[in-house]
Amino acid sequence: MKSASARHLLVETETQCNELKQRIENGEKFEDIAKEFSKCPSGAQGGDLGTFFQGQMVPEFDAVVFNEDLNVVHGPVQTQFGYHLLETTARND
């Protein structure tokens, strides 16, 4: 079964998500941005979600985590929870 490790941050608006992505692309640390802005409890750990298996997260997450490039910040990704930035840090196929 496929597994991956990833981190994310969750905010309420696409605009804010894009603004935070730009800040990360300009050199701010993902972990620091997640700690300050993420609405998910994982924000306290810099957005770290640990390791999980395909199918454990919402389909929108899986589509990015199990298909897109590693160590790249992807998003905004919209789910029923809000807007996410996602970075897959490891993947085992």
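Residues numbered from 1 in each chain as written. Predicted model: local features only at pLDDT ≥ 70, side-chain atom pairs only at ≥ 80, totals over all residues. Heavy atoms only, no water.

Undergrad: Quick question: what am I supposed to make of the overall build of the chain here?
TA: Scanning the chain for helices and strands turns up 3 helices and 4 strands. Along the chain, from the amino end to the carboxyl end, the secondary structure elements read β-α-α-β-α-β-β. Rg of the C-alpha trace for the chain: 12 Å, near the compact-globule value of 12 Å for 93 residues, within the 12% margin. Reported as C-alpha extents along the three principal axes, the dimensions of the chain are approximately 35 × 25 × 20 Å. The buried share of the chain, reckoned over its 93 residues, is 43%. Counting contacts in the chain only where the partners sit at least 6 residues apart, residues at least 24 apart contribute 58% of the total. Accessible area for the chain stands at about 5200 Å²; split by element, carbon and sulfur atoms hold 44% of it. Here the chain holds 8 positive side-chain charges and 15 negative ones, and the gap between their average locations is 4 Å. (Helix = DSSP H or I, 4+ residues; strand = E, 2+ residues; numbered from the N terminus. Rg over C-alpha atoms; globule rule 2.2 N^0.38 Å. Buried < 20%, exposed > 50% of the residue type's maximum accessible area, 1.4 Å probe, protein only. Contact = heavy atoms within 4.5 Å. Areas by Shrake-Rupley, 256 points an atom, 1.4 Å probe, with all protein chains shown as cover. Lys, Arg positive; Asp, Glu negative; His and termini not counted. Charge placed at Lys NZ, Arg CZ, Asp CG, Glu CD.)

Undergrad: I'm lost on the pairing of strand β3 (residues 73–79) in this one. Help?
TA: Along any regular strand the residues' side chains alternate between the sheet's two faces. As paired strands, β3 and strand β4 (residues 82–92) are joined by 5 bridges and run antiparallel to one another. By the bridge assignment for β4, Gln78 is matched with Tyr83. In sequence, β3 turns back onto β4 through a hairpin of 2 residues. (Pairing = 2+ DSSP bridges.)

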